[in-house]
Amino acid sequence: MLILMSSDHTKKQLADVLARVRKLHLKAHVIPGRNSVAVGITGNARALDPGLFEILPGVLEAMRVTRPYKLAGRNFKHGDTVVTVGPFGIGGPGLVVIAGPCAVESEAQIIRIAHSVKKAGAQLLRGGAYKPRTSPYAFQGLGRKGLRFLAKAKKETGMPIVTEILDQRSLDDVAEYADVLQVGARNMQNFALLKDLGKLRKPVMLKRGLSATLDEWLMSAEYLLSEGNDQVFLCERGIRAFSDHARNTLDLAAVPAVKELSHLPIIVDPSHATGVRSRVASMARAAVAAGAHGLMIEVHDRPDQALCDGMQALRPDDFAVLMRDLAAISAALDRGMAAPKHGGR
Ligand code: PEP
Ligand code: MN
């Protein structure tokens, strides 16, 4: 339920509304607006009667919010969320590019690739230390050692780190090293993990589940927000469909659709969405044109030797060419690339 206060309501009238919400054992969220104030209510299992609030003085209107998510929806927040990662803002006007290998394979590998993606203009470095693999026999990631290598790459380049959180066991370790904790597609509905991540005060990138609807995806974001973590952004990474020409099907229309429904930033991962190196650049360019706030792209300098996802990794030279295209498309849309806020390196 969303309660709109009249523009001339008094402090006491607002306090009375909040007291009524508390009495119902529900949670009130005060949303300041340009002309007045709204109060969002969460915690109710069933629809509330608007009359409960409309009879109170100072209340203009009480409306049911028909979407299952509330804090993630546009009703509950004016303006767009900007997630701060180091000196960069994700969800602001500038495009943010996260790049790096699928998996951290060695200290030398992640440092080499970090330097090359930074030189090309990427702002954030990615690399998995804990990998969710379809086969239990495939490389599962270097674990803690991989996190330490990421920290070295960050020290050398100044790039903030995006890395995947697989389970609660490794949460403390990953949270210590990561600037952004990545929730992978397979974990999008791991609600116990989402609840724990919601208690952190660190940005979370929530990838779309393999066949998740937008409602399901935003309900997962709601888990994070409802625990108090508002530093959340979404990543469209392709969904399961009947096409047999790609690893997944990039749902580009999800970008404008999510932007209508939610204030959370949305980026696109064209690497997992195609699974094929030759198609990554065209989908990356299209994503920027469609209004994505950023991209996450896999880059490897020796893709034929990669321990994970080599087929879809761009070589550094091709990535650099793509970055020039992305900057041009972003500039044509009056956006440009996100620059560090306080100087940065
Ligand atoms: C990844 O980013 O390397 C990854 C495993 O992605 P997803 O969870 O989208 O499959
Ligand atoms: Mn990958």
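Residues numbered from 1 in each chain as written. Chains lettered and ligands numbered in written order. Predicted model: local features only at pLDDT ≥ 70, side-chain atom pairs only at ≥ 80, totals over all residues. Heavy atoms only, no water.

**Q** Please provide a residue-by-residue account of the sheet that holds strand β13 (residues 266–268), values included.
**A** In spatial order, the strands read β7-β8-β9-β10-β11-β12-β13-β14; together these eight strands close into a barrel with parallel pairing. The average angle at which neighbouring strand axes cross in this sheet is 25°, direction not considered. Bridge count between strand β7 (residues 96–100) and strand β8 (residues 124–126): two bridges; the pairing is parallel. Each bridged residue has a counterpart across the sheet, and for I98 the counterpart in β8 is L124. (Pairing = 2+ DSSP bridges. Helix = DSSP H or I, 4+ residues; strand = E, 2+ residues; numbered from the N terminus. Axes fitted to C-alpha atoms, helices over the stretch in contact; angles between N-to-C directions.)

**Q** Break down the packing of aromatic side chains for me, with residues and values.
**A** Inspection of the entire model under this criterion finds one aromatic pair. Taken together, a centroid distance of 4.6 Å and an interplanar angle of 20° make the contact between F191 and Y223 stacked. In this pair, F191 sits in helix α6 (residues 191–198) while Y223 sits in helix α7 (residues 214–226), placing the two residues 32 residues apart along the sequence. Residue classification places Y223 among the partly exposed positions, given a relative accessible area of 28%. (Phe/Tyr/Trp six-rings, centres within 6.5 Å; stacked < 30°, edge-to-face > 60°. Buried < 20%, exposed > 50% of the residue type's maximum accessible area, 1.4 Å probe, protein only.)

**Q** Outline the nonpolar core, supporting the account with residue identities and numerical values.
**A** One finds L197, I297, F319 and L326 to be the most contacted residues of the largest nonpolar core, which totals 74 residues. Counting residues domain by domain, this core receives three or more from each of domain 1 (2–63) and domain 2 (83–332). Grouped together as the second largest cluster of nonpolar side chains are 16 residues, L14, V39, L48 and A62 included. (Core = buried A, V, L, I, M, F, W, Y, C linked by side-chain atoms within 4.5 Å. Domains from an automatic or database assignment.)

**Q** Account for the coordination of the manganese ion (ligand 2), naming residues and giving values.
**A** Distances from the manganese ion (ligand 2) to its protein donors, C102 (SG), H272 (NE2), E298 (OE) and D309 (OD), fall within 2.0 to 2.4 Å. One chain supplies every donor to the manganese ion (ligand 2), and in sequence these donors are spaced C-x169-H-x25-E-x10-D. Remark: H272 occurs in helix α9 (residues 270–274) and C102 occurs in the loop between β7 and α3 (107–120); sequence separation between them is 170 residues. Its relative accessible area of 4% is what places C102 among the buried residues. (Donors = N, O, S within 2.8 Å, 3.2 Å for Na, K, Ca; no water.)

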